[in-house]
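The residues making up each chain are set out below.
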Amino acid sequence: MKKLILASAVSMAVMASAQADEHSGTYDFDNQQTHQFITFKISHLGYSWLYGRFNDFDGQFVYDAENPENSSVSVTIDTASVDSNHAERDKHLRSDDFLAVSEFGEATFKSKRIVMEDDGEADIIGDLTLRGVTREVTLEAEMLGHGKDPWGGYRMGFEAETEIKLKDFGIPMDLGKASETVEIEISVEGIRQ
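So, the pairing of strand S3 (residues 48–54)
Part 1 of the argument: Sheet analysis places strand S2 (residues 37–44) next to S3, joined by seven bridges and oriented antiparallel. Its bridge partner being in S3, Ile42 is matched across the sheet by Leu50.
Part 2 of the argument: Here S2 folds back onto S3, and the loop between the two strands holds three residues, one of which, Leu45, carries a positive phi near 65°.
Part 3 of the argument: Pairing of S3 with strand S6 (residues 82–83) involves two bridges; the strand directions are antiparallel. Across the sheet, the residue bridging to Phe54 is Val82, located in S6.

Right, here's the structure in full:
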């Protein structure tokens, strides 16, 4: 009986390890732009929300299923791809008042460490570089799922959110007290390489 219990325990441990290894790996963002989004919202004078997104960005994450805190992520954003659904406003957002895209055409995020939460979510702490200024930010992240896709690949999806202050990144435009911070949400689907 003891041998049977021991054999079952070993079998279960090997299966758990194999399942964990099944989704570990390096994932490139699905940069066909059909399954990834970076959106933002900021208050307009405290009366309404202004929404927008960045249409062009790319990235990669490495996922370690056995030790998720050893995972990592990096993202590069084309700041000129900002899109708030209004051409004149987008022109203003690209100007020196905001993103200064002629000088700072890219924004980047590179993770430094990951802290796992009890509920399975994670804080991804890393350096965000925007408008030439680098600051540490925390992305509150959640895995949405993973598995085989219909084309023979393997995919994994995450959603994350953070909040930044405009002045922390040298953005000179003062929109008033209600508009000091921007909420950012990231949703990506990675394809294992």
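Some points on the side chain of Ser81
Part 1 of the argument: Structurally, the position occupied by Ser81 is in the loop between strand S5 (72–78) and S6.
Part 2 of the argument: Overall, the relative accessible area of 7% leaves Ser81 in the buried class.
Part 3 of the argument: When neighbours within four sequence positions are excluded, Ser81 is seen to be in contact with Arg53, Phe54, Asn55 and Asp56.

Considering the side chain of His23
Part 1 of the argument: Residue placement: His23 occurs in the loop between helix H1 (2–22) and strand S1 (25–29).
Part 2 of the argument: Note on His23: relative accessible area 12%, which makes it buried.
Part 3 of the argument: Once you skip the residues sitting within four places of it in the chain, His23 turns out to touch Tyr63, Ala65, His146, Tyr154, Met156 and Arg192.

Re the pattern of salt bridges
Part 1 of the argument: Considering all chains together, one arrives at seven salt bridges under this definition.
Part 2 of the argument: Across the pair Asp127 and Lys112 runs a salt bridge, and its minimum N-O distance is 3.4 Å. Taken together, the positions of Asp127 in strand S8 (residues 122–130) and Lys112 in strand S7 (residues 106–116) put the pair 15 residues apart, joining distant regions of the chain.
Part 3 of the argument: For Glu189, the salt bridge is made with Arg155, and the minimal N-O distance between the two is 2.7 Å. Residue Glu189 is located in strand S11 (residues 181–192), and its partner Arg155 is located in strand S10 (residues 154–165); the two are separated by 34 residues in the primary sequence.

Focus on unusual backbone geometry
Trans is the common state for peptide bonds, and a negative phi is the common state for residues other than glycine.
Part 1 of the argument: The residue Asn85 is not glycine, and still its phi comes out positive at about 70°.
Part 2 of the argument: The topology assignment puts Asn85 in the loop between S6 and helix H2 (87–94).
Part 3 of the argument: Non-glycine residue Ala100 carries a positive phi angle of around 50°.
Part 4 of the argument: When you line up the elements, Ala100 lands in the loop between H2 and S7.
Part 5 of the argument: The class of Ala100 is buried, set by a relative accessible area of 1%.

Thoughts on a negative patch on the surface
Part 1 of the argument: Taken together, the side chains of Glu117, Asp118, Asp119, Glu121, Glu140, Glu142, Glu161, Glu163, Glu183 and Glu185 make up a negatively charged region of the molecular surface.
Part 2 of the argument: When contributions to the negative patch are tallied by element, the ones reaching two or more residues are strand S9 (133–148), S10 and S11.

With respect to the environment of Ser102
Part 1 of the argument: Checked against the element boundaries, Ser102 lands in the loop between H2 and S7.
Part 2 of the argument: Once the C-alpha coordinates of Ser102 and Ala80 are considered, the two residues, 22 residues apart in sequence, prove to be 8.3 Å apart.

A word on the packing of aromatic side chains
Part 1 of the argument: Using the criterion set out here, one finds six aromatic pairs in the structure.
Part 2 of the argument: Note on Phe29 and Phe61: the rings are 6.3 Å apart at their centroids and 50° apart in plane angle, and the pair reads as tilted. Pair noted here: Phe29 is in strand S1 and Phe61 is in strand S4 (residues 57–63), with a separation of 32 residues, a long-range link.
Part 3 of the argument: Taking the centre distance of 5.7 Å and the plane angle of 50° together, the rings of Phe40 and Phe54 count as tilted. Residue Phe40 is found in strand S2, and its partner Phe54 is found in strand S3; the two are separated by 14 residues along the sequence. Of the two residues, Phe40 and Phe54, neither departs from the other in class, the shared state being buried.
Part 4 of the argument: Chaining the aromatic ring pairs together yields one cluster made of Tyr27, Phe29, Phe57, Phe61, Tyr63 and Phe158.
Part 5 of the argument: Taking the ring centre of Tyr154 as reference, the NZ or CZ of Arg192 above it sits at 4.4 Å.

The rules behind each value
- Residues numbered from 1 in each chain as written.
- Predicted model: local features only at pLDDT ≥ 70, side-chain atom pairs only at ≥ 80, totals over all residues.
- Heavy atoms only, no water.
- Pairing = 2+ DSSP bridges.
- Helix = DSSP H or I, 4+ residues; strand = E, 2+ residues; numbered from the N terminus.
- Buried < 20%, exposed > 50% of the residue type's maximum accessible area, 1.4 Å probe, protein only.
- Contact = heavy atoms within 4.5 Å.
- Salt bridge = Lys/Arg side-chain N within 4 Å of Asp/Glu carboxyl O.
- Patch = residues over 30% accessible without salt bridge, like charges linked within 9 Å, V, L, I, M, F, W, Y side chains within 5 Å.
- Areas by Shrake-Rupley, 256 points an atom, 1.4 Å probe, with all protein chains shown as cover.
- Lys, Arg positive; Asp, Glu negative; His and termini not counted.
- Charge placed at Lys NZ, Arg CZ, Asp CG, Glu CD.
- Phe/Tyr/Trp six-rings, centres within 6.5 Å; stacked < 30°, edge-to-face > 60°.
- Lys NZ or Arg CZ within 6 Å of the ring centre and 35° of its normal.

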